[in-house]
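# Summary of structural features
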Amino acid sequence: MTKKTLVLSGLFILFHIACVAPFVPLANILPAGLGALSMTSMAFSLILSARWRIVDHLMGGPDKSYACHRWLGLFALAGALGHWGLAESVGSGVLPFLATGGETVGTIAATGLIALTAMALIRAIPYHLWKATHMLMGPIFLLACYHTFFVASPLDVGAAPWTMMAVMSALGLLAWGQTLRRKSMPTLLVTVERAEPFEGGIDVLFRSKKPLARFHPGQFATIAHNHARSETHPFTIAGGDATSRRFLIRAAGDWTERFVQTVKPGDQFRIGAGVGRFRPQHHRSRKEQIWVAGGVGITPFLATLEKMQPDNGARVTLVYCIKSRSSAGGIEDVENHSIRLPQLDLIIFDESEGNRLTPYQMTEILRGLSARTVAYLCGPEGLKALLKQAWQTLGMTGQIHGERFDFRNAYSVSDLIYVGKPVWRAARHWAINERKIPDAPVGSRG
């Protein structure tokens with residue numbers, strides 16, 4: 001968590017408490033504020049899920065929306081737990097005969113929110129099960145709205161916090177309806193024309209009989225099997241023309257593992273339109289850029305190189321980190337593009353040959369670039385941290401554009417071990433020190 005994220009999170013929480021403070025008794029400020037926090041967080045989460053273009057634009061792309069969506073889910077859970085534990089019935093409610101039912105509905109909503117949020121945070125739960133149950137967040141929000149407006153509450157109807165939650169509830173329900181409508185929107189049928197495996201993944205080309213929606217290099221699209229209620233999974237587009245789409249897909253979960261193992265020419269799938277705002281510059285008037293890719297993170301750059309034509313514009317430095325050539329899908333295409341494009345400088349770091357990118361090497365690469373160079377980064381978190389550290393060390397002023405791989409971003413056993421190790425060491429150190437404290441010496445009487 002960055003300092004900026006921590007500050008914004010704190011301000012977001014304090015805003016809700018300050019918003020209700022002038023309108024409720026002192027004893028009800030905290031539970032009312034936490035209830036408002038939970039409601040607006042759930043509403044904002046649904047708004048982000050609706051994928052309205054203006055919202056994605058303001059957030060900086062769908063991947064940023066997903067990250068914010070996850071934080072809002074945690075705020076919704078924390079607010080619901082705090083409200084559930086502290087709130088007491090006050091007054092008679094808007095419709096007194098519904099007040100008791102409002103409490104029961106609130107309990108059901110809080111329980112459902114806890115269960116669904118837990119499922120979203122635990123990676124051991126299969127993706128398809130999480131995705132199916134996560135759609136229940138809409139009904140949970142509907143129950144929370146009923147609880148908010150019909151339970152006995154210290155907030156007067158029409159008060160500023162009440163009006164704020166009414167507006168957010170309406171927007172949240174409208175966004176839920178948009179999400180349901182988007183799920184039913186038709187996608188285009190495509191057929192697998194080519195499927196070339198590489199170590200740990202597959203390079204697949206889909207072909208459509210009809211023109212596909214236009215995409216920008218760097219965007220991603222959803223892929224789903226051609227049957228009812230099939231799961232959709234987002235993958236960055238690696239290239240294509242008016243009737244084709246290319247993807248490099250790594251086996252990283254149950255769906256992708258089955259796909260990599262079973263896909264073959266002739267199979268039919270459905271593809272969505274290209275979305276996202278991660279767009280490396282390929283036109284002649286571009287700024288000087290550095291592209292940093294790790295593994296299948298090369299996909300947005302492959303699509304960009306495909307569109308790029310030879311010119312004498314600003315230099316583009318591509319740093320490509322791979323485990324081995326056999327596991328690097330599309331590496332021959334990247335090398336061919338580096339020969340075709342005089343404006344491209346390609347640097348490959350191959351771990352299998354003992355050539356792994358280090359902080360020193362990253363710093364040295366950046367030294368040869370302008371301070372205003374723009375960076376585009378698509379790869380694992382360690383690679384991102386390495387670039388950002390070198391960027392700050394040299395005082396680079398250009399913007400860094402990042403692409404998130406893990407849209408679910410759940411916690412696995414390894415994450416728990418990572419968090420738990422320092423806690424265990426601290427507790428063990430404390431216990432050992434406690435045992436080493438000697439007994440106080442018994443003083444002698446004078």
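Numbers given to residues run from 1 along each chain, matching the order in which its sequence is written. Given that the model is predicted, a residue must reach a pLDDT of at least 70 before its local features are reported, and side-chain atom pairs must reach 80 or more before they are shown or counted; all residues, however, enter totals for whole chains, interfaces and linings. Side-chain measures here rest on the full set of heavy atoms in the structure, leaving out hydrogens and waters.

## With respect to the overall build of the protein chain
A tally of regular secondary structure across the protein chain gives 14 helices and 11 strands. Only protein chains enter the accessibility calculation, which uses a 1.4 Å probe; a residue is then buried when its area is under 20% of its type maximum, exposed when over 50%, and partly exposed in between. The buried share among the 446 residues of the protein chain stands at 43%. Of all intrachain contacts in the protein chain linking residues separated by at least 6 positions in sequence, the fraction that spans at least 24 positions is 75%. Computed with the Shrake-Rupley method and a 1.4 Å probe, the accessible areas treat only the protein chains shown as cover for residues. Looking at the protein chain as shown, the accessible area adds up to about 23800 Å², and 62% of this sits on carbon and sulfur atoms. Only DSSP runs of H or I reaching four residues or more are called helices, and only runs of E reaching two or more are called strands; each is numbered from the N terminus. In this analysis, two residues are considered to be in contact whenever any of their non-hydrogen atoms come within 4.5 Å of each other.

## Quick look at the pattern of salt bridges
What counts as a salt bridge is simple: a side-chain nitrogen of Lys or Arg found within 4 Å of a carboxyl oxygen of Asp or Glu. A complete count under the given rule lists 13 salt bridges for this structure. Linking E335 and R325 is a salt bridge whose minimum nitrogen-to-oxygen distance equals 2.8 Å. Taken as a pair, E335 in helix 11 (residues 331-340) and R325 in the loop between strand 8 (316-322) and helix 11 lie far apart in primary sequence, 10 residues in all. Of the residues examined, E335 reaches a relative accessible area of 23% and is grouped as partly exposed.

## Here we look at the side chain of D311
Inspection of the secondary structure assignment puts D311 in the loop between helix 10 (299-307) and strand 8. According to the relative accessible area criterion, D311 is buried, its value standing at 13%. Counted as a polar contact is a pair of N or O atoms within 3.5 Å, where, for protein atoms, one must be capable of donating a hydrogen and the other of accepting one, and residues adjacent in sequence contribute only when both atoms are in side chains. Engagement of the side chain of D311 in a polar contact is seen with the side chain of R286, the distance being 2.7 Å. Not counting the four nearest positions on each side in its chain, D311 is found in contact with R284, R286, P342 and Q343.

## A short note on the environment of S153
By the element assignment, S153 lies in the loop between helix 7 (137-150) and helix 8 (160-183). On the accessibility criterion, S153 (26% relative accessible area) is partly exposed. Measuring from C-alpha to C-alpha, the distance between S153 and A32 comes to 8.6 Å, with 121 residues separating the pair along the chain.

## Structural notes on helix 9 (residues 254-262)
Residues three or four positions apart in an α-helix share a direction because the helix packs 3.6 residues into each turn. Buried within helix 9 we find W255, T256, F259 and V260. Mapping the buried residues of helix 9 onto a view down its axis gives an arc of 125 degrees, with all of them on the same face. Across helix 9 from its buried face, at more than 90 degrees, point the exposed residues Q261 and T262. Looking at the buried positions of helix 9, the neighbouring elements they touch are strand 2 (201-207), strand 3 (220-225), strand 4 (233-236), strand 5 (244-250) and strand 6 (268-271). An arc is given here, and it is the one of the directions from the helix axis to the C-beta atoms.

## Considerations on a nonpolar patch on the surface
Together, V7, L8 and L11 make up an exposed nonpolar region whose accessible area comes to about 290 Å². Here L11 shows up in helix 1 (residues 3-20). The residues that make up patches have over 30% relative accessible area and no salt bridge, and they are joined within 9 Å when like-charged or within 5 Å when they are Val, Leu, Ile, Met, Phe, Trp or Tyr.

## Considering the nonpolar core
We define a nonpolar core as any set of buried Ala, Val, Leu, Ile, Met, Phe, Trp, Tyr and Cys residues linked to one another through side-chain atoms lying within 4.5 Å. Core analysis: the biggest nonpolar cluster contains 35 residues, and M39, M42, L113, F141, M164 and M165 have the highest contact counts within it. When contributions to this core are tallied by element, the ones reaching two or more residues are helix 1, helix 2 (29-49), helix 4 (62-86), helix 5 (99-121), helix 7 and helix 8. Examining the composition of this core, we find that 11 residues originate from one element, helix 2, more than from any other. Every residue in contact with M42, bar those within four places of it in the chain, is listed here: A76, L113, M137, I140, F141 and A144.

## Concerning the sheet that holds strand 5
Whether two strands pair comes down to DSSP finding at least two bridges between them. The 6 strands are arranged 4-3-6-1-2-5 in an open sheet whose pairing can be described as antiparallel. In this open sheet, the two strands that pair with only one neighbour each are strand 4 and strand 5. Ignoring which end each strand starts from, the neighbouring axes of this sheet average 40 degrees apart. Pairing between strand 1 (residues 188-198) and strand 2: 7 bridges, direction antiparallel. Directly across from P197, in strand 2, lies its bridge partner I202. For helices, the fitted axis covers only the stretch in contact; all axes are lines through C-alpha atoms, and the angles between them, taken along N-to-C directions, range from 0 to 180 degrees.

## Overview of the side chain of S38
Counting through the fold element by element, S38 comes out in helix 2. Among the residues examined, S38 registers a relative accessible area of 7% and is labelled buried. Aside from chain neighbours lying at most four places away, what touches S38 is F75, A76, G79, A80 and L113.

## Notes on the packing of helix 1 against helix 2
Relative to each other, helix 1 and helix 2 sit at 125 degrees, their axes nearing to 8 Å. When the axes of helix 1 and helix 2 are compared, the pair comes out oblique. The interaxial crossing formed by helix 1 with helix 2 has right-handed handedness. Note on element contacts: helix 2 touches helix 1 through I29, L30, A32, G33, A36, L37, T40, S41 and F44, opposite F12, I13, H16, I17 and V20. Classification convention: Asp, Glu, Lys, Arg as charged; Ala, Val, Leu, Ile, Met, Phe, Trp, Tyr, Cys, Pro as nonpolar; all other residues, Gly among them, as polar. Partitioning the contact of helix 1 with helix 2 into residue classes produces 10 nonpolar, 4 polar and no charged. Roughly parallel means an angle under 35 degrees; roughly antiparallel means over 145; roughly perpendicular covers 65 to 115; every other angle is labelled oblique. In this scheme the crossing of two helices becomes right-handed for a clockwise turn of the near helix relative to the far one and left-handed for an anticlockwise turn of less than a right angle.

## A few points about the confidence of the model for the protein chain
Residue-level pLDDT values for the protein chain average 84, and 84% of them are 70 or greater. A score from 0 to 100, pLDDT tells how confident the predictor is in each residue. In this model residues 410-419 is a low-confidence stretch, pLDDT under 50, and it forms 10 contacts with partners more than four residues away in sequence or in other chains. Per-residue pLDDT stays below 50 along residues 436-446; that stretch engages in 0 contacts with residues further than four places along the chain or on separate chains.

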